[in-house]
Amino acid sequence: MVGGFSESALLYEGIRSIFPTLNVFRPHEAVLSVVKGAVIFGHTPEIITERVCARTYGIAGNIPFDSQIHPQRCLGYYEGIAKCTDSFQTIVKKGAMISLEHNSFERTFLPTYGSDEEASVDIYVSRDHNPLYTFGDGVKRLGSLVLKIPDTKKGKNRPITVRISFRGTEIVVTAVEQGTRNIVSEKFNSI
């Protein structure tokens, strides 16, 4: 046990009674362990080579609507086709390993309409492994990006790659229209 509450005898005994088969340790100066760890990491960040993603990250998307599965409030029509709006499209799943070498995850999407001259990319985070929608308990909107995609000659056939990169305590989200120089990027604090 480390951190401020670890010095509480009541908490220590409570954890030991709940988990009797585990050895529970409290290092000397447990309160300072977190601070010392932060200082060590600040001076030698390469000491931590990988970590587990604590949340699921994705964007809002539109998928074919199924009245047996999707709530009516998500029904939208795009070019005459019924779509489920506010669908959580996962890019990084909770529990994924993030290492120094593999810290970026990406997925490719298409514009909603062939006539779209910009693509709005709304980024969401969830405590759940498999969130279905971009609303509800445990889902939070981190922010959004607007990617300019002015050349509409190809209609909807303009793939957009959304990349989420983990860099220390920041998350960098980048959207790129493939085959062009159209790119937008934004930093967000990890939560």
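Residues numbered from 1 in each chain as written. Predicted model: local features only at pLDDT ≥ 70, side-chain atom pairs only at ≥ 80, totals over all residues. Heavy atoms only, no water.

## Considering the overall build of the protein
In terms of helices and strands, the protein carries two helices and eleven strands. In the protein, the succession of helices and strands from N to C terminus is α-α-β-β-β-β-β-β-β-β-β-β-β. For 191 residues, the compact-globule estimate of 2.2 N^0.38 gives 16 Å, and the protein exceeds it by more than 25% at 22 Å. Seen through its principal axes, the protein has C-alpha atoms that stretch 65 × 40 × 20 Å. (Helix = DSSP H or I, 4+ residues; strand = E, 2+ residues; numbered from the N terminus. Rg over C-alpha atoms; globule rule 2.2 N^0.38 Å.)

## Comments concerning the side chain of S99
Tracing the chain through its elements places S99 in strand 5 (residues 97-99). A residue is classified by how much of its surface remains accessible, and S99, at 15% relative accessible area, is buried. For S99, the side chain forms a polar contact with the main-chain nitrogen of H102, separated by 2.9 Å. Residues within four places of S99 in sequence aside, it is in contact with T49 and E50. (Buried < 20%, exposed > 50% of the residue type's maximum accessible area, 1.4 Å probe, protein only. Polar contact = N/O pair within 3.5 Å; in protein donor to acceptor, adjacent residues only side chain to side chain. Contact = heavy atoms within 4.5 Å.)

## Considering the nonpolar core
Buried together is how nonpolar side chains tend to be arranged in soluble globular proteins. Y57, I91, V92, V162, I164, F166 and V173 are the most contacted members of the largest nonpolar core, which totals 25 residues. At the level of elements, strand 2 (56-64), strand 4 (81-92), strand 6 (104-109), strand 7 (118-126), strand 8 (139-148), strand 9 (160-167), strand 10 (170-177) and strand 11 (183-189) are the ones that each hand at least two residues to this core. Residues in contact with I91, not counting those within four places in the same chain, are Y57, G58, I59, F105, E106, R107, F109, V162 and I164. (Core = buried A, V, L, I, M, F, W, Y, C linked by side-chain atoms within 4.5 Å.)

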